[in-house]
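# A look at the structure
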Amino acid sequence: MELFEAISARHSMRSFTDEPVPRQVMERLISAASLAPSALNEQPWAFHVTTGETRKRLSEVMSHGTHHLEEFLALLGHTATIEQLEWYSELGGAPVVVACSIPRTDDEFLLMNKYLSVGGAIENMLLAATDLGLGACAVTFSYWVRDEIGTLLEVPRDRIIVSMIAIGYPTDQPTVAPVHRMDTAVYLD
Ligand SMILES: Cc1cc2nc3c(=O)[nH]c(=O)nc-3n(C[C@H](O)[C@H](O)[C@H](O)COP(=O)(O)O)c2cc1C
């Protein structure tokens, strides 16, 4: 798939078949993410790839976080529905969920660089997933249970989970393909 085609075709997918994603395919996604630019070439990301039993246990941990759903959705001006509660605990039945971590730091500038860098890596992974016919969705709702997830996945204590990525073969097109604003730049001569 041509790059701009992949950029246009990528949409967040939230419902997956139970077809497993082959290990070689996951390795390609991780390679794409690993090729992202990063501040000072720090490459602050680590990807904790869960399938099988660990993936199931991750759902249990995520479901502990759903009592924070009201708080999260209130920020966006919404109220929780059964579908949303299911989505955040089951993550659409995704056979693979990748947890992304970065090193902890109290320094605001360093933290900004780490967040920006891992964001680029996540986008590379989402675009590569699109190219390979997979669906994916980044999920930061994991925020409320990030420490529990870190414990489950044996993430070193000096790192923090910043996002999950649900990955699998999509059941369908996204139910709502959101409109993206195109008036986002100011050109200053
Ligand atoms: C940093 C980040 C965090 C996100 N967190 C969530 C989330 O917690 N739950 C969710 O359903 N979608 C989440 N998304 C997906 C966005 O809702 C989605 O990208 C946005 O609605 C635009 O839709 P599109 O990806 O289909 O273009 C997240 C996306 C990003 C980039």
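Note: the structure precedes this text.
So, here's what we can say about the structure.

Cut-off values and rules
- Residues numbered from 1 in each chain as written.
- Predicted model: local features only at pLDDT ≥ 70, side-chain atom pairs only at ≥ 80, totals over all residues.
- Heavy atoms only, no water.
- Helix = DSSP H or I, 4+ residues; strand = E, 2+ residues; numbered from the N terminus.
- Rg over C-alpha atoms; globule rule 2.2 N^0.38 Å.
- Buried < 20%, exposed > 50% of the residue type's maximum accessible area, 1.4 Å probe, protein only.
- Areas by Shrake-Rupley, 256 points an atom, 1.4 Å probe, with all protein chains shown as cover.
- Lys, Arg positive; Asp, Glu negative; His and termini not counted.
- Charge placed at Lys NZ, Arg CZ, Asp CG, Glu CD.
- Phe/Tyr/Trp six-rings, centres within 6.5 Å; stacked < 30°, edge-to-face > 60°.
- Lys NZ or Arg CZ within 6 Å of the ring centre and 35° of its normal.
- Near = heavy atom within 4 Å.
- Polar contact = N/O pair within 3.5 Å; in protein donor to acceptor, adjacent residues only side chain to side chain.
- Axes fitted to C-alpha atoms, helices over the stretch in contact; angles between N-to-C directions.
- Parallel < 35°, antiparallel > 145°, perpendicular 65-115°, else oblique.
- Contact = heavy atoms within 4.5 Å.
- Nonpolar A, V, L, I, M, F, W, Y, C, P; charged D, E, K, R; others polar.
- Salt bridge = Lys/Arg side-chain N within 4 Å of Asp/Glu carboxyl O.

A few words now on the overall build of the protein chain. A tally of regular secondary structure across the protein chain gives seven helices and four strands. Secondary structure elements in the protein chain, listed N-terminal to C-terminal, are α-α-β-α-α-α-β-α-β-α-β. Against the globule reference of 16 Å for 189 residues, the protein chain gives a C-alpha radius of gyration of 17 Å, in line with a compact fold. If one aligns the C-alpha atoms of the protein chain with their principal axes, the spans along those axes are about 50 × 40 × 40 Å. Within the protein chain, the fraction of its 189 residues that count as buried is 42%. Only carbon and sulfur atoms are counted for the fraction: they give 55% of the accessible area of the protein chain, which is about 11300 Å². In the protein chain, 13 positive and 25 negative side-chain charges are present, and the distance between their average locations comes to 5 Å.

In this section: the packing of aromatic side chains. Each aromatic ring pair is specified by the distance between its two centres and by the angle formed by the two planes. This structure, assessed with the given rule, holds four aromatic pairs. Relative to tyrosine 88, the ring of tryptophan 87 has its centre 6.1 Å away and its plane inclined at 55°; by these criteria the two rings are tilted. This pair shows no difference in class: tryptophan 87 is buried, exactly as tyrosine 88 is. When the centroid spacing of 5.6 Å and the interplanar angle of 50° are considered together, the rings of phenylalanine 141 and tryptophan 144 count as tilted. In this structure phenylalanine 141 comes out as buried when scored by relative accessible area, which is 1%. Given the relative accessible area of 21%, tryptophan 144 is considered partly exposed. Three or more aromatic residues link up through ring pairs in this structure, and these residues are Trp87, Tyr88, Phe141, Tyr143 and Trp144. The positively charged end of arginine 146 is found above the aromatic ring belonging to tyrosine 143, 4.2 Å away from the centroid.

Turning our eyes to something else, we now look at the site of the ligand. Around the ligand, 14 residues are found, and the nearest of them are Arg10, Ser12, Arg14, Tyr88 and His180. Tyrosine 88 is positioned such that a nitrogen or oxygen atom in its side chain is 2.8 Å from a nitrogen atom of the ligand. One of the backbone nitrogen or oxygen atoms of threonine 140 is found 3.2 Å away from a nitrogen atom of the ligand. In isolation the ligand offers 620 Å² of accessible surface; the protein chains occlude 65% of this area. Counting residues per element, the shell around the ligand draws most heavily on strand 3 (residues 135–139), at three residues.

In this section: the packing of helix 3 (residues 52–64) against helix 5 (residues 82–90). Viewed as axis vectors pointing N to C, helix 3 and helix 5 meet at an angle of 135°, and their least axial separation amounts to 7 Å. By the angle between their axes, helix 3 is oblique relative to helix 5. Only Tyr88, Ser89 and Glu90 of helix 5 make contact with helix 3, whose side of the interface consists of Arg55, Ser59, Met62 and Ser63. Taken together, the residues that form the contact of helix 3 with helix 5 break down as two nonpolar, three polar and two charged.

Positionally, alanine 138 belongs in strand 3. When the C-alpha atoms of alanine 138 and methionine 125 are compared, they prove to be 9.9 Å apart, with 13 residues separating the residues in sequence.

So, about the pattern of salt bridges. Enumeration according to the criterion identifies five salt bridges in this entry. The salt bridge partner of arginine 23 is glutamate 27, with a shortest N-O separation of 3.1 Å. Taken together, the positions of arginine 23 and glutamate 27, both in helix 2 (residues 23–34) and four residues apart, correspond to about one turn of that helix. Owing to a relative accessible area of 63%, arginine 23 belongs among the exposed residues under this scheme. Residue glutamate 27 is classed as partly exposed on the basis of its relative accessible area of 43%. Here lysine 114 ties to glutamate 42 by a salt bridge, and the two come within 2.7 Å at their closest N and O atoms. Of this pair, lysine 114 sits in helix 6 (residues 108–131) while glutamate 42 sits in the loop between helix 2 and strand 1 (46–50); the two residues are 72 residues apart in sequence, bridging distant segments of the chain.

The values are spatial; any link to function lies outside them.
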